[in-house]
Amino acid sequence: MIVTTASAAAAVILGPHGERIRLRCLARRSMLSSACESFDHLRLSPGAHHVIPGQAEAETVLYLLRGSLLVGQATDEPDHLAVDGDLLLARRATSLHLDAGPLGAELLALTLAAPRRAAAARDALARRRAERRTRP
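Please read these numbers as outputs of a predicted model, since none were measured by experiment.

Turning our eyes to something else, we now look at the overall build of the protein. If you tally the helices and strands in the protein, you get one helix and eight strands. The burial tally for the protein puts 32% of its 136 residues in the buried class. Once local pairs closer than 6 in sequence are excluded, the contacts in the protein between residues at least 24 apart make up 64%. By element, 57% of the accessible surface of the protein is carried by carbon and sulfur atoms, the whole surface being about 8,700 Å².

Moving on, we come to the nonpolar core. Side chains of nonpolar character tend, in soluble globular proteins, to be buried together. Ranked by internal contacts, the top residues of the largest apolar core, which has 18 residues, are Leu44, Leu62, Leu69, Val71, Leu96, Leu98 and Leu107. Elements with a minimum of two residues in this core: strand 3 (36–44), strand 5 (58–73), strand 7 (87–90) and strand 8 (96–113). Broken down by element, this core gets its largest block of residues, six residues, from strand 8. In contact with leucine 107, other than residues within four places in its own chain, are Asp40, His41, Leu42, Leu44, Leu62, Tyr63, Leu64, Leu65, Leu69 and Leu98.

Time to look at the side chain of serine 45. Among the secondary structure elements, serine 45 is positioned in the loop between strand 3 and strand 4 (49–52). The buried category is assigned to serine 45, whose relative accessible area is 19%. In this view, serine 45 contacts Glu19, Arg20, Ala100 and Gly104; residues no more than four positions away in its chain are not counted.

Turning our attention to the pattern of salt bridges. Under the criterion given, the structure shown has two salt bridges. Residue arginine 66 is joined to glutamate 106 by a salt bridge in which the shortest nitrogen-to-oxygen separation is 2.1 Å. One end of the pair, arginine 66, is in strand 5; the other, glutamate 106, is in strand 8, with 40 residues separating them in the sequence. Residue classification places arginine 66 among the exposed residues on the basis of a relative accessible area of 52%. Here the salt bridges do not stand alone but share partners, grouping Arg43, Arg66 and Glu106 into one network.

In this section: a nonpolar patch on the surface. On the surface, Tyr63, Leu65 and Leu87 cluster together to form a nonpolar patch covering roughly 270 Å² of accessible area. With respect to the helices and strands, leucine 65 occurs in strand 5. Take leucine 65: its relative accessible area is 31%, and that puts it in the partly exposed class.

A grouping of Arg127, Arg128, Arg129, Arg132 and Arg133 is seen on the molecular surface, where their side chains present a positively charged patch. Relative to the helices and strands, arginine 128 is located in helix 1 (residues 115–134).

In this section: unusual backbone geometry. With a phi angle near 65°, alanine 93 is a residue other than glycine that sits in the positive phi range. With respect to the secondary-structure elements, alanine 93 resides in the loop between strand 7 and strand 8. Alanine 93 sits in the partly exposed class, given a relative accessible area of 47%.

Moving on, we get to the environment of arginine 92. Take arginine 92: it is sitting in the loop between strand 7 and strand 8. Here arginine 92 falls in the partly exposed class, since its relative accessible area comes to 32%. The spatial distance from the C-alpha of arginine 92 to the C-alpha of threonine 60 is 7.5 Å, given a sequence separation of 32 residues.

The rules behind these values
- Residues numbered from 1 in each chain as written.
- Predicted model: local features only at pLDDT ≥ 70, side-chain atom pairs only at ≥ 80, totals over all residues.
- Heavy atoms only, no water.
- Helix = DSSP H or I, 4+ residues; strand = E, 2+ residues; numbered from the N terminus.
- Buried < 20%, exposed > 50% of the residue type's maximum accessible area, 1.4 Å probe, protein only.
- Contact = heavy atoms within 4.5 Å.
- Areas by Shrake-Rupley, 256 points an atom, 1.4 Å probe, with all protein chains shown as cover.
- Core = buried A, V, L, I, M, F, W, Y, C linked by side-chain atoms within 4.5 Å.
- Salt bridge = Lys/Arg side-chain N within 4 Å of Asp/Glu carboxyl O.
- Patch = residues over 30% accessible without salt bridge, like charges linked within 9 Å, V, L, I, M, F, W, Y side chains within 5 Å.
- Lys, Arg positive; Asp, Glu negative; His and termini not counted.
- Charge placed at Lys NZ, Arg CZ, Asp CG, Glu CD.

Without other data, these values stay purely geometric and don't point to any function.
Right under this line is the structure:
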């Protein structure tokens, strides 16, 4: 189990008009033995804009804890207004453009390896374990 406290350091990104984005990493792939690539806690000040880049072999899940935010994509799909308690899933390789509402937004972002990559990682781990057992 990984435990993070409120005193853990967070990166603060300042926007061109004074808006702030606080980003704290709760876990990264090297800390976990699962399909999880990263688990982040974000706080966006009112009107802040943040981009979560898409990864070819990963999907992103967003859970909005507080506030509201407009979630857009670089495609022709319409933007989605997310409010407290909304859970959003972005397809593989989809970049998300987040625009915080008038009261800001607080959310959790979970990036998961796509099933192919997760299966390959499990297979590699099983092979390494089997090799250890067969060594004298």
